[in-house]
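Here are the chains, one letter per residue:
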Amino acid sequence: MLHFPGFEPLDAVKHQARYKRSAEKTAKLYDFEVEVGPVQIEGPSRYFDVDSQGVDWRTMTRVYVFDHNEIVRRLNGRSTLHRMAAGYLNAARVVWEGGALSYFRHAWRFGLFFLFPFLLIAIGMGLSLLIATAPYWLGLDPPLLALSAIVAYVAFFKLFLPWTERWHALHLFSDWELAVAVARFEKQYLKQWVEEGLVSAQAAFSEPADEYVITSHSMGASVATQVLGALVEREPDLFERKRIIFVTLGGAILQCALLRSAEVLRTRVGAIAHVKEIFWFDVQCLTDAINFYRCQVVALAGHPDAPQPPIVFIRLRHMLSPERYRRIKRDFLRVHRQYVLDADVRAPFDFTMMTAGPFSAASFANPS
């Protein structure tokens, strides 16, 4: 299994810990045993082993984790002003390159997701500006402008911005910065990450297996496409006589691919879709605002004549307990993470069962 997680501040060890927690809960739900080993490091590769066993079956999975935590840390570790300036600059690039218009055309809720953090921070800046200039428009003494400026600074940086952390606003600024970088594919740090990913992917595909499952979540779908597409271009023979399943979970490939500059990414989407050994399916959810619901990603990436990934629709209400569903349904980022987490009831789709259960991952493309 090759797993490309989304834009989260988690390294391979933390992803392993999340997988272990979910797998242990799923094992209790489906009445089987599971053992998740520690993370092993070999060069650029990070992997851990999963051994699961039921009454009449046993599955051994080696999970390679392609996290981009260092990139997340790099983007989020800069000063607040730097992050804000970079965020608005890249939002302007998304608009200029036709991305924003395409989002509303094909998936209006994703368009709102794009606007949300930038509008939220803009409202805060506008309110702070009103506070700073209050003495002027209230006709008060000009010396009070210094005091109002201090109050405005405290209100914005010490009260408003910490409050927006519940919505991960500045984190989303960085997410959009990476989205533009993935689309343009010019940044050296991203090219280096892809090259390291290629080495790890080659190591994974060199191991014998009944099937190779590539899972990607959210932004991970775009970086997975860059890595897998580059591998298709350079070593097409690597896929011969292998059963390969590519699963995009709440995939946001179109977040990047709909930008005009994303020529390399769109080419690689088509290259992957044309490899007969790769069976690609797309898992989507209506209550998840951060996916392109009912959109055919390959066609919209400019390849309408290529094989189109079948779409699998899941319903979180049918996977979670009423209490848990009520607790998370208004947190759009938490809802978006549910694809790779455990369920409360047996359902047609389950991430652990797909990656470490007794059935081929391809069977989850046709849930009963």
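In case you missed it, the structure is sitting above this.
Residues numbered from 1 in each chain as written. Predicted model: local features only at pLDDT ≥ 70, side-chain atom pairs only at ≥ 80, totals over all residues. Heavy atoms only, no water.

Peer 1: Can you explain the overall build of the protein chain? Please cite residues and give values.
Peer 2: Check the secondary structure of the protein chain and you find 16 helices and nine strands. Against the compact-globule benchmark of 21 Å for 368 residues, the protein chain has a radius of gyration of 22 Å, which places it among compact chains. Out of the 368 residues belonging to the protein chain, those deemed buried represent 55%. Nonlocal contacts in the protein chain, meaning residues at least 24 apart in sequence, comprise 72% of its contacts between residues at least 6 apart. Carbon and sulfur atoms provide 57% of the accessible area of the protein chain, an area that totals close to 17,300 Å². When the 40 basic and 37 acidic side-chain charges of the protein chain are each reduced to a single mean position, those positions are 7 Å apart. (Helix = DSSP H or I, 4+ residues; strand = E, 2+ residues; numbered from the N terminus. Rg over C-alpha atoms; globule rule 2.2 N^0.38 Å. Buried < 20%, exposed > 50% of the residue type's maximum accessible area, 1.4 Å probe, protein only. Contact = heavy atoms within 4.5 Å. Areas by Shrake-Rupley, 256 points an atom, 1.4 Å probe, with all protein chains shown as cover. Lys, Arg positive; Asp, Glu negative; His and termini not counted. Charge placed at Lys NZ, Arg CZ, Asp CG, Glu CD.)

Peer 1: Talk me through the packing of aromatic side chains; I want residue IDs and the actual numbers.
Peer 2: Following the criterion strictly, the structure yields 30 aromatic pairs and no others. Residues Phe114 and Trp176 carry aromatic rings whose centres are separated by 4.8 Å and whose planes lie at 70° to one another, so their mutual orientation is edge-to-face. Residue Phe114 is found in helix α5 (residues 108-132), and its partner Trp176 is found in helix α8 (residues 169-184); the two are separated by 62 residues along the sequence. The interplanar angle of 35° and the centroid separation of 4.6 Å between the aromatic rings of Phe118 and Phe173 together place this pair among those described as tilted. Of this pair, Phe118 sits in helix α5 while Phe173 sits in helix α8, and the two are 55 residues apart along the sequence. No difference in accessibility class separates Phe118 from Phe173, as the two residues are buried. Within the aromatic cluster, the residues linked to one another by ring pairs are Tyr88, Tyr103, Phe110, Phe113, Phe114, Phe116, Phe118, Trp167, Phe173, Trp176, Phe292 and Phe332. The lysine or arginine in question, Arg294, covers the ring of Phe313, its NZ or CZ lying 4.7 Å from the ring centre. (Phe/Tyr/Trp six-rings, centres within 6.5 Å; stacked < 30°, edge-to-face > 60°. Lys NZ or Arg CZ within 6 Å of the ring centre and 35° of its normal.)

Peer 1: Which residues make up the packing of helix α9 (residues 188-206) against helix α10 (residues 219-234), and what are the values?
Peer 2: At their nearest, the axes of α9 and α10 sit 9 Å apart, and the two run at 65° to each other. Considering their axes alone, α9 and α10 lie roughly perpendicular with respect to each other. Between α9 and α10 the crossing geometry is right-handed. Residue-level inspection shows Trp193, Val194, Glu195, Gly197, Leu198, Ala201, Gln202 and Phe205 of α9 in contact with α10, the latter providing Val223, Gln226, Val227, Ala230, Leu231 and Arg234. Looking at the contact of α9 with α10 residue by residue, the class counts come to nine nonpolar, three polar and two charged. (Axes fitted to C-alpha atoms, helices over the stretch in contact; angles between N-to-C directions. Parallel < 35°, antiparallel > 145°, perpendicular 65-115°, else oblique. Left-handed = near helix turned anticlockwise from the far one by under 90°. Nonpolar A, V, L, I, M, F, W, Y, C, P; charged D, E, K, R; others polar.)

Peer 1: Report on the pattern of salt bridges, specifying residues and quantitative values.
Peer 2: Under the defined criterion, the tally for this structure stands at 14 salt bridges. For Arg58, the salt bridge is made with Asp51, and the minimal N-O distance between the two is 2.6 Å. Measuring nitrogen to oxygen at the nearest pair gives 3.1 Å for the salt bridge that ties Lys276 to Glu277. We classify Lys276 as exposed; its relative accessible area is 73%. What you see here is one network of salt bridges that share partners, running through Asp49, Arg62 and Glu207. (Salt bridge = Lys/Arg side-chain N within 4 Å of Asp/Glu carboxyl O.)

Peer 1: Now, about the pairing of strand β8 (residues 278-285): what can you tell me, with residues and values included?
Peer 2: A large share of β8 lies buried, amounting to seven of its eight residues. In the sheet, β8 pairs with strand β9 (residues 311-314) via four bridges, with the strands oriented parallel. Each residue of the ladder has a partner; that of Val283, found in β9, is Val312. (Pairing = 2+ DSSP bridges.)

Peer 1: Describe helix α3 (residues 80-96), and please don't skip the residues or the numbers.
Peer 2: Between its first and last C-alpha atoms α3 spans 24 Å; for 17 residues at 1.5 Å apiece the expected length is 24 Å, and the two agree. Restricting attention to buried positions, one finds in α3 the residues Arg83, Met84, Ala86, Gly87, Asn90, Ala91 and Val94. Here the buried face of α3 lies against α2 (69-76), α4 (99-106), α5, α7 (144-164) and α8. Two residues or fewer past α3, Gly98 is found with a positive phi of approximately 85°. (Expected span 1.5 Å × (residues − 1).)

Peer 1: How would you summarise a nonpolar patch on the surface if you had to cite specific residues and measurements?
Peer 2: On the surface, Ile123, Leu127, Leu130, Ile131, Tyr136, Trp137, Leu138, Leu140, Leu144, Leu145, Leu147 and Val151 cluster together into a nonpolar patch covering about 1,200 Å² of accessible area. Contributions of two or more residues to the nonpolar patch are made by α5, α6 (134-137) and α7. Within the secondary structure, Ile131 is located in helix α5. (Patch = residues over 30% accessible without salt bridge, like charges linked within 9 Å, V, L, I, M, F, W, Y side chains within 5 Å.)

Peer 1: Any chance you could break down the packing of α3 against α8 for me, citing the residues and the numbers?
Peer 2: The geometry of a pair of packed helices is captured by two quantities: the angle between their axes and the separation between those axes. Interhelical geometry of α3 versus α8 gives an angle of 50° and a closest axis separation of 8 Å. Relative to α8, the element α3 lies oblique. Crossing of α3 against α8: the hand is left-handed. Residues Thr80, Arg83, Met84, Ala86, Gly87, Tyr88, Asn90, Arg93 and Val94 of α3 pack against Leu170, His171, Phe173, Ser174, Trp176, Glu177, Val180 and Arg184 of α8. Classifying every residue of the contact of α3 with α8 by side-chain character gives eight nonpolar, five polar and four charged.

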